[in-house]
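Notes for the structure review
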Amino acid sequence: MSRKSWIFETLCKSPTDLDTIVEQYELTKFRTEYTSVGVKYTYRCALCKKFPSCAMQLQAKQLSMTDVDTFEISKFGKHDHEKRALTTRNFC
Ligand SMILES: [Zn+2]
């Protein structure tokens, strides 16, 4: 069963914390957006090429323009590595 909403995970107090979480979850950054309060990063599964059905995503949102070190971390879905990308073998 996959959840369809972002779930608050934790508050990051430093870029090092953020790196640790990203590493822990085996993610890779794939989008950077700039909002009115600062930057927002979206990460997805580092193995998504191998497992295209993996829905794991993480979002790190800067909470305040004046505090560049604090990020709100939200999680979306979870790793799903049941199905590997099919190496299509055609017998024709
Ligand atoms: Zn994954």
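A short tour of the structure in this document, coming up. As the structure is a computational prediction, the values presented were derived from the model and not from experiment.

A separate point is the overall build of the protein chain. The number of helices and strands found in the protein chain is one helix and five strands. In the protein chain, the succession of α and β elements from N to C terminus is β-α-β-β-β-β. Evaluated residue by residue, the protein chain yields a buried proportion of 12% over its 92 residues. Taking contacts inside the protein chain between residues at least 6 apart in sequence as the whole, the part at least 24 apart equals 48%.

What follows is about the nonpolar core. Soluble globular proteins tend to pack their nonpolar side chains together in the buried interior. With ten residues, the main nonpolar core is built from C12, L27, Y43, C45, C54, M56, L58, A60, F71 and I73. Where this core is concerned, the elements lending two or more residues are strand 3 (38-45), strand 4 (57-64) and strand 5 (67-76). Those residues in contact with A60, other than ones at most four positions away along the chain, are C12, L18, Y41, F71 and I73.

Here we have five strands laid out as an open sheet, ordered 1-5-4-3-2, and antiparallel in their pairing. Looking along the sheet, the strands with just one partner apiece sit at the ends: strand 1 (6-12) and strand 2 (27-35). Sheet twist, expressed as the mean angle between neighbouring strand axes with direction ignored, is 25 degrees. Taken together, the five bridges between strand 3 and strand 4 define a ladder with antiparallel strand orientation. Directly across from R44, in strand 4, lies its bridge partner Q57.

This part covers the pairing of strand 5. With six bridges connecting them, strand 1 and strand 5 associate as antiparallel partners. Within strand 5, the residue paired with L11 across the bridge is E72. The hairpin formed by strand 4 and strand 5 contains two residues between the paired strands.

Take V39: it is sitting in strand 3. Look past the residues within four positions of V39 in its chain and what remains in contact with it is T32, Y34 and Q62.

This brings us to unusual backbone geometry. Phi is positive for E26, close to 55 degrees, though the residue is something other than glycine. Position of E26 relative to the elements: it lies in the loop between helix 1 (15-24) and strand 2. Note on E26: 13 C-beta atoms within 10 Å, which makes it partly exposed.

Position of S14 among the secondary structure elements: in the loop between strand 1 and helix 1. Judged by C-beta crowding, with 11 C-beta atoms within 10 Å, S14 ranks as exposed. Between the alpha carbons of S14 and D69 there is a distance of 4.8 Å; along the sequence they are 55 residues apart.

Thresholds applied
Residues numbered from 1 in each chain as written. Predicted model: local features only at pLDDT ≥ 70, side-chain atom pairs only at ≥ 80, totals over all residues. Helix = DSSP H or I, 4+ residues; strand = E, 2+ residues; numbered from the N terminus. Buried ≥ 20, exposed ≤ 12 C-beta atoms within 10 Å, placed from the backbone. Contact = placed C-beta atoms within 7 Å. Core = buried A, V, L, I, M, F, W, Y, C linked by C-beta atoms within 7 Å. Pairing = 2+ DSSP bridges. Axes fitted to C-alpha atoms, helices over the stretch in contact; angles between N-to-C directions.

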